[in-house]
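These are the residues of each chain, in order.
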Amino acid sequence: MKNLRLKAARAGKDLSQDQLASLCGVSRQTISAIEKGDYNPTINLCIAICKALDKTLDELFWE
Amino acid sequence: MNAVASYGMVFGLMIGLVIAVILLKFANKDHRFKTQYDERQESIKGRGYKYSFYTLACLEAALAILEVGDISFGIERYLVHFIVLLISFAVLCVHSIWNGTYWGLNNNRKRYTAIIVIAIALNLIPVIASIANGTLAKEGFNSLPLLNVIVLIWMAVIGICALVKKAFDTKENEED
């Protein structure tokens, strides 16, 4: 399932996938895979993404 | 080459390899040269190694059966084993490329591109030399340095796969 909330939050911060990836210490393809719903990140990566986007886990990842 | 010289060469190569690995370990004590991957890349690479291992095991088993049956190949036996190795490496590379894992987080792409260009040149020179010497026209296919030709074909396959993946990625980015 696509993670449109992550995509919207990233766009809200005016960040590209590349920029968010370097903020979180992962590759651009990993961010793309999470947004497309092709990859389930670990809790550590979820927290890193939330910190980079100033969001909570609930806001980005809770269904 | 007599038997003693052959054994000497093989043992020399093996000992050289072991020394090279030990030296590399010492040189890379602080993991400066170690490629770093993120969690998704690690899991994909793990799966790639698994597929690569299965490919190697299956092909080597098939080769063993063919050799028991005394079926000979048109080329030298060491080349057949080399091809099997390259096929299993190709499985890992193609799987990694196709899942966006070929580059690590800290890879210097320019340096890698330079290494690839040098590797292509080093493999291309003997092939061109044998064609220029006229040995290809005189002695046919077997006069070619087949090992270099095989490596070049392998590199071409990986290169084509990388280009196709890049084209797909560009298209996907445009759609996003």
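**Notes on helix 1 (residues 4-12) of chain A**
Residue and element names in this part refer to chain A. When helix 1 is considered as a whole, its buried residues turn out to be Leu 6, Ala 9 and Arg 10. All buried residues of helix 1 fall inside an arc of 100° around its axis, so they share one side. Facing away from the buried side of helix 1 by over 90 degrees, the exposed positions are Leu 4, Ala 11 and Gly 12. Structurally, helix 1 contributes buried residues whose contacts are with helix 2 (17-24), helix 3 (28-36), helix 4 (43-53) and helix 5 (57-61). Note on helix 1: the residue one or two positions beyond its end, Asp 14, has a positive phi of about 60°.

**A word on the nonpolar core**
Counting 12 residues, the largest nonpolar core consists of A:Leu6, A:Ala9, A:Leu20, A:Ala21, A:Cys24, A:Val26, A:Ile31, A:Ala33, A:Ile34, A:Leu45, A:Ile49 and A:Leu53. Taken together, the elements giving at least two residues each to this core come down to helix 1, helix 2, helix 3 and helix 4 of chain A. Contacts of A:Ala33, omitting those with residues within four sequence positions, involve A:Asp38, A:Tyr39 and B:Arg40.

**Section: the interface of chain B and chain A**
Facing 6 residues of chain B, the contacting portion of chain A comprises 9 residues. Of the residues contributing to the side of chain B that touches chain A, the split by class is 1 nonpolar, 2 polar and 3 charged.

**What to know about helix 3 (residues 77-98) of chain B**
Residue and element names in this part refer to chain B. With 22 residues, helix 3 ought to run about 32 Å at 1.5 Å a step, and its terminal C-alpha atoms sit 32 Å apart, in line with that. Those residues of helix 3 lying buried are Ser 88, Cys 93, Val 94, His 95, Ser 96 and Ile 97. The positive-phi residue at the C-terminal boundary of helix 3 is Gly 100, with phi of around 65°.

**What to know about the confidence of the model for chain B**
Residue and element names in this part refer to chain B. Averaged over all residues, the pLDDT of chain B equals 85, while 93% of them reach at least 70. The lowest-confidence element of chain B is helix 5 (residues 135-139), averaging 68 in pLDDT; the highest-confidence one is helix 2 (residues 39-68), averaging 94. Prediction confidence for the complex, expressed as pTM and ipTM, is 0.80 and 0.86 respectively.

**A few points about the packing of helix 2 of chain A against helix 3 of chain A**
Residues and elements named next belong to chain A. As a packed pair, helix 2 and helix 3 sit with axes 8 Å apart at the nearest point and diverge in direction by 110°. Classed by the angle they form, the pair helix 2 and helix 3 counts as roughly perpendicular. Where helix 2 abuts helix 3, its residues Gln 17, Asp 18, Leu 20 and Ala 21 lie against Arg 28, Thr 30, Ile 31 and Ser 32. Split by residue class, the contact of helix 2 with helix 3 holds 3 nonpolar, 3 polar and 2 charged.

**Digging into the packing of helix 2 of chain A against helix 4 of chain A**
Residues and elements named next belong to chain A. In contact at an axis separation of 9 Å, helix 2 and helix 4 are set at 115° when each is read in the N-to-C sense. Of the two possible hands of crossing, helix 2 and helix 4 adopt the one that is right-handed. Mapping the contact onto sequence places Leu 20, Leu 23 and Cys 24 in helix 2 and Leu 45, Ala 48, Ile 49 and Ala 52 in helix 4. Its residues assigned to classes, the contact of helix 2 with helix 4 comprises 7 nonpolar, no polar and no charged.

About the thresholds
- Residues numbered from 1 in each chain as written.
- Chains lettered and ligands numbered in written order.
- Predicted model: local features only at pLDDT ≥ 70, side-chain atom pairs only at ≥ 80, totals over all residues.
- Buried ≥ 20, exposed ≤ 12 C-beta atoms within 10 Å, placed from the backbone.
- Helix = DSSP H or I, 4+ residues; strand = E, 2+ residues; numbered from the N terminus.
- Arc of directions from axis to C-beta.
- Contact = placed C-beta atoms within 7 Å.
- Core = buried A, V, L, I, M, F, W, Y, C linked by C-beta atoms within 7 Å.
- Nonpolar A, V, L, I, M, F, W, Y, C, P; charged D, E, K, R; others polar.
- Expected span 1.5 Å × (residues − 1).
- pLDDT = per-residue confidence, 0-100.
- Axes fitted to C-alpha atoms, helices over the stretch in contact; angles between N-to-C directions.
- Parallel < 35°, antiparallel > 145°, perpendicular 65-115°, else oblique.
- Left-handed = near helix turned anticlockwise from the far one by under 90°.

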